[in-house]
Amino acid sequence: MNWLRDYVRPKIRSILPQKDVAENLWHKCPSCGQMIFHRDLEENMHVCTHCGHHMRFGAIERLKNTFDNEKYKLVTLPDLQLDPLKFKDLKRYTDRLKASQTKTGRKDSVIVATGKIGGRPTTVAVFDFAF
C-alpha cells in the first residue's frame, strides 16, 4: 500500500479543479513514436523533427503553404458525371462517390486554385486524399 498514491493524490485531485486540455495538442510520429507539439509540426510542414518522416498533409493546408502570403482563389470545377464508365465493384461507384462527397463536403477529389508563387501567377491542382 502506497499512501502517497492511494491517499494523498486523490485528496489533492479532489481539492484542485480539473483543467480541460485539448487532445490534439500533441501528435505521435507513426515512424519513430516521438511526441511532437502541434505548432512545431505545422512549422515543419508535417515532417517529424526527430526522424524526418513525412506525415499526411491536408489539401487546403498544402495550398496555404504553397501560395504567397497564403492567398489563393479556388476555381469552380464543372459538374461531373456520376458514372460515365458504368464501373462495377463490390459497391456501386455512385454510392462510393456520394459517400465521399458527404464525408468531405466536396464535389470532387481535386481542388484547383489560382494565386501567386514567388510573385508569378500560377494555377495549382491538388488531390485531396481524404475524398
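Treat the numbers as computed from the prediction; the structure is a model and nothing was measured. Residues take numbers from 1 onward in each chain, read along the sequence in its written order. Residue-level local features of this predicted model are given only where pLDDT is at least 70; pairs of side-chain atoms are given and counted only at 80 or more, and the full residue set underlies all totals for whole chains, interfaces and linings. Side-chain numbers come from the whole structure's heavy atoms, not from hydrogens or water.

> Just to check I follow, could you spell out the overall build of the chain for this structure?
Looking only at helices and strands, one finds four helices and five strands in the chain. Helix and strand assignments come from DSSP, with helices taken as H or I runs of at least 4 residues and strands as E runs of at least 2, each series counted from the N terminus. Tracing the chain from N to C terminus, the helices and strands come up as α-β-β-α-α-β-α-β-β. As defined in this context, the radius of gyration uses C-alpha atoms, and a globule is described by 2.2 Å times the residue total to the power 0.38. What you see for the chain is a C-alpha radius of gyration of 23 Å, clearly larger than the 14 Å of a compact globule of 131 residues, by over 25%. Seen through its principal axes, the chain has C-alpha atoms that stretch 70 × 45 × 30 Å. The buried label goes to any residue with under 20% of its type's maximum accessible area, the exposed label to any with over 50%, and the partly exposed label to all in between, with areas taken from a 1.4 Å probe on protein chains only. Buried residues in the chain amount to 19% of all 131 residues. Across the chain, contacts joining residues at least 24 apart in sequence account for 39% of those joining residues at least 6 apart. Areas reported as accessible are Shrake-Rupley estimates using a 1.4 Å probe. Residue values count occlusion only from the protein chains shown. Only carbon and sulfur atoms are counted for the fraction: they give 53% of the accessible area of the chain, which is about 10,900 Å². A contact between two residues is defined here by any heavy atoms of the two lying within 4.5 Å.

> Mind showing me how you'd approach the environment of Val-126 here?
For Val-126, the position within the fold is in strand 5 (residues 120-127). With 66 residues separating them along the chain, Val-126 and Ile-60 place their C-alpha atoms 8.6 Å apart. Ignoring sequence-local partners within four residues, the contact set of Val-126 consists of Ala-59, Arg-62, Leu-63, Ser-109, Val-110 and Ile-111.

> Please explain the pairing of strand 4 (residues 110-117) as it appears in this structure.
A regular strand places its side chains so that they alternate between the two faces of the sheet. Direction of pairing for strand 3 (residues 72-74) relative to strand 4: antiparallel, over a ladder of three bridges. Opposite Leu-74, over in strand 4, you have Ala-113 as the bridge partner. Paired strands, in this sense, are two strands between which DSSP finds at least two bridges. In the sheet, strand 4 pairs with strand 5 via eight bridges, with the strands oriented antiparallel. Counted as the bridge partner of Lys-116 is Pro-121 from strand 5. Hairpin remark: strand 4 followed by strand 5, antiparallel, with two residues in the connecting loop; positive phi at Gly-118, about 65 degrees.

> What's the story with helix 1 (residues 3-15) in this structure? I'm lost.
Each α-helix turn comprises 3.6 residues. Residues three or four places apart therefore point the same way. A helix is expected to span 1.5 Å multiplied by its residue count minus one. Here helix 1 is 13 residues long and its end C-alpha atoms lie 17 Å apart, about the 18 Å a rise of 1.5 Å per residue gives. Fitting axes to the seven residues ending at a residue and to the seven starting there, one defines the bend at that residue as the angle between these axes. Taking the largest bend as the criterion, helix 1 deviates by roughly 30 degrees, centred on Arg-9, and proline Pro-10 comes between one and four positions later.

> Honestly, the nonpolar core in this entry has me stumped. Any pointers?
Nonpolar side chains in soluble globular proteins tend to end up buried together. Throughout, nonpolar core names a set of buried Ala, Val, Leu, Ile, Met, Phe, Trp, Tyr and Cys residues whose side chains join them through atoms within 4.5 Å. Counting seven residues, the largest nonpolar core is built from Ala-59, Leu-63, Phe-67, Ile-111, Ala-113, Val-124 and Val-126. Every element with two or more residues in this core is listed here: helix 3 (59-66), strand 4 and strand 5. In this view, Val-124 contacts Leu-63, Phe-67, Ile-111, Val-112, Ala-113 and Ile-117; residues no more than four positions away in its chain are not counted. Core analysis: the second largest hydrophobic core is formed by five residues, Cys-29, Ile-36, Cys-48 and Met-55 among them.

> Help me out: how do you make sense of the pattern of salt bridges in this one?
Working definition: two side chains of opposite charge can pair if their charged atoms are close together. Salt bridge, as used here: a side-chain nitrogen of Lys or Arg that lies within 4 Å of a carboxyl oxygen of Asp or Glu. Here the structure, examined in full by the defined rule, presents four salt bridges. One salt bridge in this structure joins Lys-107 and Asp-79, with 3.4 Å as the shortest N-O distance. Highlighted residues: Lys-107 in the loop between helix 4 (93-104) and strand 4 and Asp-79 in the loop between strand 3 and helix 4, separated in sequence by 28 residues. In this structure Lys-107 comes out as exposed when scored by relative accessible area, which is 57%. Asp-128 is paired through a salt bridge with Arg-106; the nearest N and O atoms lie 3.7 Å apart. Within this pair, whereas Asp-128 is found in the segment after strand 5, its partner Arg-106 is found in the loop between helix 4 and strand 4, the two being separated by 22 residues in sequence. Accessibility expressed as a relative area gives 9% for Asp-128, which makes it buried.

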